[in-house]
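So you can see what is in the structure, the chains are spelled out below.
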Amino acid sequence: MDPLFYQAFLAFDSGRYDEAARFYALALAKYPVSQYKQYKQAAHGLAFTCCFQNKFDQAREIYTNLYRVVQDAHDLQWQAIVLHQQGVVERMAGNFCEARTMFQKEYDFRASHLPDDFAGFAANLYEQGHILLKLGDTAQALTIMHRSLDMAQQANDAMCLGCAYRGLGEIYAALDEHDRARTCFSLSGQAFEQAGDPVAAEEVRRFEMALGCTGGGAGSADEAP
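Residues numbered from 1 in each chain as written. Predicted model: local features only at pLDDT ≥ 70, side-chain atom pairs only at ≥ 80, totals over all residues. Heavy atoms only, no water.

J.: Which parts of the structure should I look at to understand the environment of glutamine 86?
T.: In this structure, glutamine 86 sits in helix α5 (residues 76-92). Taking relative accessible area as the criterion, glutamine 86 reaches 16% and is therefore assigned buried. C-alpha of glutamine 86 to C-alpha of glycine 196: the two residues are 110 residues apart in sequence and 26 Å apart in space. Here glutamine 86 is in contact with Tyr63, Thr64 and Met102, once residues within four sequence places are set aside. (Helix = DSSP H or I, 4+ residues; strand = E, 2+ residues; numbered from the N terminus. Buried < 20%, exposed > 50% of the residue type's maximum accessible area, 1.4 Å probe, protein only. Contact = heavy atoms within 4.5 Å.)

Structure (structure tokens):
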């Protein structure tokens, strides 16, 4: 691995976003489009880091340029990834309607070009469900998040399973169905542990503990979510 990418990763992982952005910017300057793999990594890393710096216009510009590059390369997988990330930018910026539009565009692209990428669909549907929850449409959010879980199960992807169960836990908590929420958070933590992400696992365990021991709603801990 190029030391620039390694240093950028370490800085980002430690929450030092300004430092991470500097390293990714250096990498982007170092690698032209002709060095396609490294260019993609640098551009994606810088744009995503910009989101954590609240530099959303810069993130949009970088992803727009990256999308042109992956289109020219006829790289379907990365076209879907960049569409997804453009949705993430808008979600992080609080532009939920714009984010929904972008995630639907990504979903349609995947349906046309990558119909067997179950992990990709799981991530997309997780984002759609999360945004619907933010918009207060818990019924639709629940339906979409169950679809995310189904895709994650078909992909047999532990990280996707962790996200989908976490999303379901958040929705059930919003519906005051605390038993079901706790069950989902517990399953999410197990999946994140399996995926090798102890930070995410600890986060959902905190969610689970925050619900306390009170019941609520029609669910029970023994029921499937």
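Moving on from the coordinates now.
J.: Please explain the packing of helix α1 (residues 3-13) against helix α2 (residues 17-30) as it appears in this structure.
T.: To characterise two packed helices, one gives the angle between the axes of the helices and the distance between these axes. Two elements in contact, α1 and α2, have axes whose closest approach is 8 Å; the angle formed by their N-to-C orientations is 160 degrees. Overall, the two elements α1 and α2 adopt an arrangement that is roughly antiparallel. Between α1 and α2 the crossing geometry is left-handed. Residues Leu4, Phe5, Gln7, Ala8, Phe9, Ala11 and Phe12 of α1 pack against Tyr17, Glu19, Ala20, Phe23, Tyr24, Leu26, Ala27 and Lys30 of α2. For the contact of α1 with α2, a count of residues per class yields 12 nonpolar, 1 polar and 2 charged. (Axes fitted to C-alpha atoms, helices over the stretch in contact; angles between N-to-C directions. Parallel < 35°, antiparallel > 145°, perpendicular 65-115°, else oblique. Left-handed = near helix turned anticlockwise from the far one by under 90°. Nonpolar A, V, L, I, M, F, W, Y, C, P; charged D, E, K, R; others polar.)

J.: Just to check I follow, could you spell out α2 for this structure?
T.: For the α-helix, the turn length of 3.6 residues means that residues three or four positions removed from each other point alike. With 14 residues, α2 ought to run about 20 Å at 1.5 Å a step, and its terminal C-alpha atoms sit 20 Å apart, in line with that. Among the residues of α2, Ala20, Ala21, Phe23, Tyr24 and Ala27 are the ones counted as buried. Buried residues in α2, looked at end-on, bunch into an arc of 165 degrees, giving them a common side. Those residues of α2 that are exposed and aimed more than 90 degrees away from the buried face are Asp18, Arg22 and Ala29. Looking at the packing, one finds that the buried side of α2 touches α1 and α3 (36-52). (Expected span 1.5 Å × (residues − 1). Arc of directions from axis to C-beta.)

J.: It is not clear to me how helix α9 (residues 158-174) should be interpreted in this structure. Could you clarify?
T.: The end-to-end C-alpha distance of α9, which contains 17 residues, comes to 24 Å, matching closely the 24 Å that a straight helix rising 1.5 Å per residue would cover. Extensive coverage of α9 is indicated by the burial of 13 of its 17 residues. Capping the start of α9, aspartate 157 holds a side-chain oxygen 3.0 Å from the backbone nitrogen of methionine 159, two or three residues further along. Looking at the residues trailing α9, positive phi occurs at aspartate 176, about 65 degrees. (Polar contact = N/O pair within 3.5 Å; in protein donor to acceptor, adjacent residues only side chain to side chain.)

J.: How do you make sense of a nonpolar patch on the surface when you look at a structure like this?
T.: Judged by side-chain polarity, Met1, Tyr6, Phe9 and Leu10 come together as a nonpolar surface patch covering roughly 450 Å² of accessible area. Inspection of the secondary structure assignment puts tyrosine 6 in helix α1. (Patch = residues over 30% accessible without salt bridge, like charges linked within 9 Å, V, L, I, M, F, W, Y side chains within 5 Å. Areas by Shrake-Rupley, 256 points an atom, 1.4 Å probe, with all protein chains shown as cover. Salt bridge = Lys/Arg side-chain N within 4 Å of Asp/Glu carboxyl O.)

J.: Can you walk me through the packing of aromatic side chains in this structure?
T.: Centre-to-centre distance and the angle between the planes together describe a pair of aromatic rings. Summed over all chains, the structure comprises 8 aromatic pairs. Ring centres of phenylalanine 12 and tyrosine 17 lie 5.2 Å apart, and the angle between their planes is 65 degrees; this geometry places the pair in the edge-to-face category. In this structure tyrosine 17 comes out as partly exposed when scored by relative accessible area, which is 24%. Look at phenylalanine 48 and phenylalanine 52: their rings are 5.1 Å apart centre to centre, the planes differ by 80 degrees, and that puts the pair in the edge-to-face class. Taken together, the residues phenylalanine 48 and phenylalanine 52, both in helix α3 and 4 residues apart, mark about one turn of the helix. For phenylalanine 48, a relative accessible area of 27% corresponds to the partly exposed category. Since its relative accessible area comes to 32%, phenylalanine 52 is described here as partly exposed. Three or more aromatic residues link up through ring pairs in this structure, and these residues are Phe12, Tyr17, Phe48 and Phe52. (Phe/Tyr/Trp six-rings, centres within 6.5 Å; stacked < 30°, edge-to-face > 60°.)

Keep in mind these values describe shape, not function.
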